[in-house]
There are 2 protein chains.
Amino acid sequence: MALYGERGYENTTVAAIAERAGLTERTFFRHFADKREVLFSGAAALQDLLVGAITDAPRSATPLEAAAMALRAAGELFEQGRAGSVQRQRVIDANPELQEREVIKLAGLAAALAEALRRRGVKDPAASLTGEAAIAVFRIAFERWVAESNRKRLPRLIDDALSALKTVAGG
Amino acid sequence: MALYGERGYENTTVAAIAERAGLTERTFFRHFADKREVLFSGAAALQDLLVGAITDAPRSATPLEAAAMALRAAGELFEQGRAGSVQRQRVIDANPELQEREVIKLAGLAAALAEALRRRGVKDPAASLTGEAAIAVFRIAFERWVAESNRKRLPRLIDDALSALKTVAGG
DNA sequence: TATGGTGATGTCAGCAACTGACATCGCTTG
DNA sequence: CAAGCGATGTCAGTTGCTGACATCACCATA
C-alpha cells in the first residue's frame, strides 16, 4: 500500500514490493495470487460478514430487508478505518486493471448474497436480482462515503440509496 | 475465436493467434489492447445502441421505461447470431480473467446508461441506480437466453426479468 | 537426543504478455 | 513522380507469473 501510494500502482514492480517487505518475489506470489490481489484480499471477510447477516436475519424479513440488514452491518465495519478505505480507493480509481478486479469481486459478493437468499427459500430470479440490487446500493453509498464532501455515516448513506432504489423501481 | 474454441483461452498464445492470422504478434497488439480484448471489441457498438435508444425514447417515458426500451433493442440485435454469442460465452465462462473484463464492460454500459439518463434530466442517484438495475436485468435475461434449455426470445426474457425486478423492489 | 514431518521461504530457470524504437512497404494525393 | 501516411515487420527489453527443487525453523515423538 505504501509503495502504491508513493509511485502509483503501475510504477510499482513486484520486485520492489518484495524488497521493501524484506522478502523474495517468489514469496510474494505465494501470498497473493497476483499483483492486484494485494488490494482485495479483504473481500473474503466482507463476504462472510454479508452472508452471515443474511442468514441470521429474522425469517419474517423480506429478501430486500434481509439484504439491507447485511449492508448496514458491513457499513458499520467500514466506519472503522475510513482513512484506509479512502487511500485504497484512490489507488483503485487511478487504474483500470484494479477496477476490473474490484468489479468482479463485487459481482462475487452479489452472487454470494443471492446464494444466501436462496438458502432462505427465495426463488430465482428474485434472489439474483436482490443480490445485484443490494450490491448496487452498497456501491453507490460507498462512493459517496469516500467522497470528501460527505460527512454522513456509511449505514445512513446505505439507507438513503436503498430508498432511492425503491423509488426508482417501485411500480 | 477458433483457437480459443480449439485449445481454450489459456492455452492459446498470442504468438499462435498471430501465426494463424498470418500476422505478427506486434500487429496483434496494435489491433487489440490486450489478449482479452479480442472477445470484447464489440462492446462499443452495443453501448452506442443502448445510449441511442435511451436518447430517442419519448420524453414521457420514465427512466426505467426508457432503459427497458434500450434493452429490448439490444435484445433484438443479439437475436441475430445466437450461435456466436453462445460460443463466446462458453469461452468467457471458462476463464476468470475474461469474466473480469466482461464484468467491467458491463459496468461501463451501466455508467453510459446512467449518463444518458442524466441528459434526459434524471437526477442521481436515480440515474445511476436505473443504469445498474437495467444492466442487472440484461445480464440475467442474457444468461437464460444462452442456456440450452430456454427457447424464449431475448426481448421476451428481458421483459420477464424486468417485471421480476419490479416485484422485488416495489414498495 | 535423534529422527522425521511440515510449512514457510529462497534460488533459479523459463515462458508469455506487453512495450518502445525504428525500419519497411503499399497506397493515395498533389 | 515525390511526398506523406497508415499499417505492418523487426528486435530488444521489461515485467508478471510459474514449476521444480533446496533450505531452514519448528514441532512431535520414538
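### Structural notes on the relation of the copies chain A and chain B
Alright, step 1. Once turned by 180 degrees and shifted 0.0 Å along the axis, chain A lies on chain B with an RMSD of 0.1 Å. In short, the pair behaves as if placed about a two-fold rotation axis. Taking C-alpha positions as reference, the residue of chain A nearest the rotation axis is Gly 170 of chain A, located at 1.8 Å.
Alright, step 2. A shared interface surface links the copies, since 96% of the contact residues of chain A are contact residues in chain B too.

### Quick notes on the interface of chain A and chain B
Alright, step 1. Counting residues at the interface gives 26 residues for chain A, matched by 25 residues for chain B.
Alright, step 2. When residues in the side of chain A that touches chain B are grouped by element, the largest group, eight residues, is from helix α8 (residues 126-146) of chain A.
Alright, step 3. Here the residues of the side of chain A that touches chain B sort into 16 nonpolar, six polar and four charged.

### Quick look at the domain arrangement of chain A
Residue and element names in this part refer to chain A.
Alright, step 1. Entries for chain A in the domain assignment read domain 1 (1-31) and domain 2 (37-169).
Alright, step 2. Taking only C-alpha atoms into account, the centre of domain 1 sits 29 Å from that of domain 2.
Alright, step 3. In this assembly, six residues from domain 1 lie in contact with five residues from domain 2.
Alright, step 4. Among the residues making up the side of domain 1 that touches domain 2, the classes are represented as three nonpolar, two polar and one charged.

### Brief notes about the protein's contact with DNA strand C
Alright, step 1. Around DNA strand C, the neighbouring residues are Leu 23, Thr 24, Arg 26, Thr 27 and Arg 30 of chain A together with Thr 13, Val 14, Ala 15, Arg 26, Phe 29, Asp 34 and Lys 35 of chain B.
Alright, step 2. Every element with two or more residues in the surface near DNA strand C is listed here: α3 (25-31) of chain A together with α2 (14-21) and α3 (25-31) of chain B.
Alright, step 3. When residues of the surface near DNA strand C are assigned to their parent elements, the largest contribution, three residues, is made by α3 of chain A.
Alright, step 4. Counted by class, the surface near DNA strand C contains four nonpolar, three polar and five charged residues.

### Some thoughts on the nonpolar core
Alright, step 1. Leu 113 and Val 137 of chain A together with Leu 113 and Val 137 of chain B are the most contacted members of the largest nonpolar core, which has 85 residues in total.
Alright, step 2. Setting aside anything within four residues of it in sequence, one finds Val 137 of chain A in contact with Leu 71, Ile 158, Ala 161, Leu 162 and Leu 165 of chain A.

What counts, and at which threshold
Residues numbered from 1 in each chain as written. Chains lettered and ligands numbered in written order. Predicted model: local features only at pLDDT ≥ 70, side-chain atom pairs only at ≥ 80, totals over all residues. Least-squares fit on C-alpha atoms with pLDDT ≥ 70 in both. Contact = placed C-beta atoms within 7 Å. Helix = DSSP H or I, 4+ residues; strand = E, 2+ residues; numbered from the N terminus. Nonpolar A, V, L, I, M, F, W, Y, C, P; charged D, E, K, R; others polar. Domains from an automatic or database assignment. Near = placed C-beta within 6 Å. Core = buried A, V, L, I, M, F, W, Y, C linked by C-beta atoms within 7 Å. Buried ≥ 20, exposed ≤ 12 C-beta atoms within 10 Å, placed from the backbone.

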